[in-house]
Amino acid sequence: MAGGNERSMKALKEVWRRAENSLCADCGKPDPDWASSTLGVFICLSCSGIHRNIPSISKVKSLKMDHWDDAQVQFLAKHGNAVTKATYEAHIPIYYYQPTYNDCQVLREQWIRAKYERKEFTEPGKQLPYSDGVKEGILWKRGRDNGQFLPRKFLLSEREGCLKYFTKQDAKEPKINVKIDVINATFQPEKIGNPNGLQLTYLKDNKTRNIFVYHESGKEVVDWFNAIRSVQFHYLKVAFPIASDNEIKNRLTRNFLKEGYMEKTGPKQREAFKKRWFTLDHRRLMYFKDPLDAFAKGEVFVGSRENGYSVQKGLPSGTQGNFSWHYGLTIVTPDREYLFTCETETDQLDWIAAFTSVINQAMTPQEYAIEAYFKFKS
């Protein structure tokens with residue numbers, strides 16, 4: 001009996017060590033140490049918890065702590081991540097967002113359920129709830145002034161190239177009509193205080209407007225997210241006919257590079273530093289009094305190094321404004337310096353790394369136009 005267990009463990013380790021099984025099959029996290037004995041995939045601890053919630057589809061076991069019999073090991077050897085992915089991920093629409101281990105729970109859960117439970121990607125041309133160019137339904141939207149979440153009708157239309165929302169179910173005219181090419185969508189469960197919280201942003205008169213929504217159903221809110229990406233993809237295919245599918249895919253919804261609190265002072269650099277919530281959306285650094293504000297109190301354009309932008313650790317000597325946080329950083333632009341302080345050294349270094357990643361990238365023609373607008377406005 002002991003020999004049989006030893007033989008099974010040796011065979012299990014050989015399958016486990018295959019290159020195809022070195023990353024979680026669902027989120028890509030390195031060194032997965034769980035597996036599904038019914039699907040044949042190697043997964044991480046976090047994804048194993050999601051699999052455990054769909055026991056009719058997946059039975060999960062620890063590769064380190066649980067016993068695997070010969071039949072189960074042979075099943076893993078016959079399948080593994082590559083074979084299973086070839087079945088369950090055979091026909092993923094290019095616009096569909098495939099989450100990583102850095103993404104929130106609702107995105108990862110609905111990705112796993114879409115693959116194994118609903119089998120959305122096993123057949124070519126399958127009609128999907130986010131693929132027909134139109135989506136209509138109710139989302140709970142946060143009021144811009146009162147902060148209350150109220151049900152609002154939303155309508156997404158590929159034919160019209162826009163997203164609308166209505167204050168009343170039977171309203172004929174929308175409260176807001178937003179062109180699809182200026183919309184971004186990013187999940188914000190912690191900020192919104194709901195596991196299915198979604199932040200929609202769009203440009204209005206070259207200023208960013210935030211809308212915060214959620215839906216009780218994780219599937220429904222992820223369907224909205226992917227429907228927006230689908231409509232954007234098809235809109236951009238028409239607008240940029242020579243661009244490749246991958247180039248267009250990279251222009252769809254994006255996560256913010258970094259968010260969090262810093263203190264800032266005014267342009268004279270003698271005012272008291274005030275605590276603000278900052279969002280770095282590529283080259284736009286926006287700051288808000290409250291993370292759920294609809295409009296930013298101000299925006300800073302972060303250009304490239306070759307155009308005179310840089311980030312420096314610390315504050316200029318002789319800085320006079322009073323500040324309570326002592327980990328400073330300075331954004332240098334061709335026109336002025338922006339001074340910030342962070343609560344911890346970790347925050348300071350993380351912000352510097354985020355700014356550096358942007359500054360080190362060459363600017364596109366569109367970004368030169370945005371820079372010109374910021375200079376004109378100031």
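Computed from a prediction, not measured in an experiment: that's the story for all the values here. (Residues numbered from 1 in each chain as written. Predicted model: local features only at pLDDT ≥ 70, side-chain atom pairs only at ≥ 80, totals over all residues. Heavy atoms only, no water.)

S.K.: So what's going on with the sheet that holds strand S17 (residues 337–342)? Which residues, and what values?
M.R.: Read across the open sheet, the seven strands follow the order S14-S13-S12-S11-S17-S16-S15; overall the sheet is antiparallel. The open sheet has two free edges, formed respectively by strand S14 (298–301) and strand S15 (310–313), since each of these has just one partner strand. For this sheet the average axis-to-axis angle between neighbouring strands, irrespective of direction, equals 35 degrees. Here seven bridges tie strand S11 (residues 258–264) to strand S12 (residues 274–281), and the two strands are oriented antiparallel to one another. When the sheet's bridge partners are listed, Lys258 is paired in S12 with Leu280. Packed on one face of the sheet, helix H9 (residues 345–359) meets S11, S12, strand S13 (284–288), S15, strand S16 (327–332) and S17 and runs near 160 degrees to S15. (Pairing = 2+ DSSP bridges. Helix = DSSP H or I, 4+ residues; strand = E, 2+ residues; numbered from the N terminus. Axes fitted to C-alpha atoms, helices over the stretch in contact; angles between N-to-C directions. Contact = heavy atoms within 4.5 Å.)

S.K.: An account of the UniProt feature "domain: PH" (unreviewed entry) in the protein is needed here, citing residue identities and associated values.
M.R.: Following the UniProt record, one finds the feature "domain: PH" (unreviewed entry) at residues 132–233 and 255–360. Across residues 132–233 one finds 20% helix and 46% strand; the C-alpha atoms that close the span lie 12 Å apart. With 14% helix and 38% strand, residues 255–360 has end C-alpha atoms that lie 19 Å from one another. (UniProt positions renumbered as here; feature names shortened; annotations may be inferred.)

S.K.: How would you sum up the packing of aromatic side chains? Please name residues and give values.
M.R.: In this structure the tally under the stated criterion is 20 aromatic pairs. A centroid spacing of 5.0 Å and a plane angle of 85 degrees characterise the contact between Tyr261 and Trp277, whose relative ring orientation is edge-to-face. With Tyr261 in strand S11 and Trp277 in strand S12, this residue pair connects regions lying 16 residues apart in the sequence. On the basis of relative accessible area, Tyr261 is assigned to the partly exposed category, the value being 32%. Under the relative-accessibility criterion, Trp277 is labelled buried at 14%. Residues Phe278 and Phe340 carry aromatic rings whose centres are separated by 5.3 Å and whose planes lie at 85 degrees to one another, so their mutual orientation is edge-to-face. Pair noted here: Phe278 is in strand S12 and Phe340 is in strand S17, with a separation of 62 residues, a long-range link. In this structure an aromatic cluster arises from ring pairing among Tyr95, Tyr96, Trp111, Phe121, Tyr130 and Phe233. The residue whose ring lies beneath Lys153 is Phe166, and the NZ or CZ to ring-centre distance is 4.5 Å. The residue whose ring lies beneath Lys275 is Tyr261, and the NZ or CZ to ring-centre distance is 4.4 Å. (Phe/Tyr/Trp six-rings, centres within 6.5 Å; stacked < 30°, edge-to-face > 60°. Buried < 20%, exposed > 50% of the residue type's maximum accessible area, 1.4 Å probe, protein only. Lys NZ or Arg CZ within 6 Å of the ring centre and 35° of its normal.)

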